[in-house]
Amino acid sequence: QQQVKQSPQSLIVQKGGISIINCAYENTAFDYFPWYQQFPGKGPALLIAIRPDVSEKKEGRFTISFNKSAKQFSLHIMDSQPGDSATYFCAASHNAGNNRKLIWGLGTSLAVNP
Amino acid sequence: DVKVTQSSRYLVKRTGEKVFLECVQDMDHENMFWYRQDPGLGLRLIYFSYDVKMKEKGDIPEGYSVSREKKERFSLILESASTNQTSMYLCASTSGRYEQYFGPGTRLTVT
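Presented here is a report on the structure given in the accompanying data block. (Residues numbered from 1 in each chain as written. Chains lettered and ligands numbered in written order. Predicted model: local features only at pLDDT ≥ 70, side-chain atom pairs only at ≥ 80, totals over all residues. Heavy atoms only, no water.)

Overview of the pattern of salt bridges
All names here are of chain B. As a reminder, the rule being used: For this document, the term salt bridge refers to a Lys or Arg side-chain nitrogen within 4 Å of an Asp or Glu carboxyl oxygen. Secondary structure elements follow DSSP: runs of H or I no shorter than four residues count as helices, runs of E no shorter than two count as strands, and numbering proceeds from the N terminus. Relative accessible area decides the class of each residue, using a 1.4 Å probe on protein chains only: under 20% of the type maximum gives buried, over 50% gives exposed, and in between gives partly exposed.
Taken as a whole and assessed by the stated rule, the structure comprises 9 salt bridges over all chains. Lys18 is the salt-bridge partner of Glu79, the closest N and O atoms lying 3.5 Å from each other. Within this pair, whereas Glu79 is found in the loop between β8 (73–78) and β9 (87–94), its partner Lys18 is found in the loop between β2 (10–13) and β3 (19–25), the two being separated by 61 residues in sequence. Here Glu79 falls in the partly exposed class, since its relative accessible area comes to 42%. A salt bridge links Glu22 to Arg73; its shortest N-O distance comes to 3.1 Å. Separated by 51 residues along the polypeptide, Glu22 in strand β3 and Arg73 in strand β8 bring together distant segments of the chain. The class for Glu22 is partly exposed, based on a relative accessible area of 31%. The class for Arg73 is partly exposed, based on a relative accessible area of 34%. If you follow the salt bridges from partner to partner, you end up with Arg36, Asp38 and Arg44 in one network.

In structure tokens form, the structure reads like this:
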């Protein structure tokens, strides 16, 4: 059972366009929602994260939009660049029982054409 | 900068061999994780450890074991490697439940 559902599986965007990746979750106890970026041959690295007390968080060209009532959050990459080509993972975490784990989406492979 | 290193980038082993994958972190993190990454299946948690000599099973522990004798080192052991364990193995560490720092991965091929 996939607790965090990520879509699309792959995405092709033209340089300068907007890339949008969506995630949906079921567990209302989740209170931390990070996005990780993974380049080929590297491990994932934290890109940006949000908590449910805000609806949006922006860092440079990367924005997380969060909709608590719909239990959805998304990553928007503005002015997408070829260097953004990577695999992106959403994840979620809760604090119950001193939890330390992240629940991961399956990933989205983004290709930005020059 | 947090650094997580893994003992090998590429490894080729034969079916039935015992395989050791080692991970070392330099930030005094309590929590360490082993994942495997396969196309279309995302990151699947094999085992994690929240303290020295402590371990918990993740989602796919079958065929694997782990060892954590020192805080900075977390080893993944394949007792008898099988071809279906051919995968990318990623180690991560964290001080809490937030940012996980990943190593570069070990691509294991079992023939």
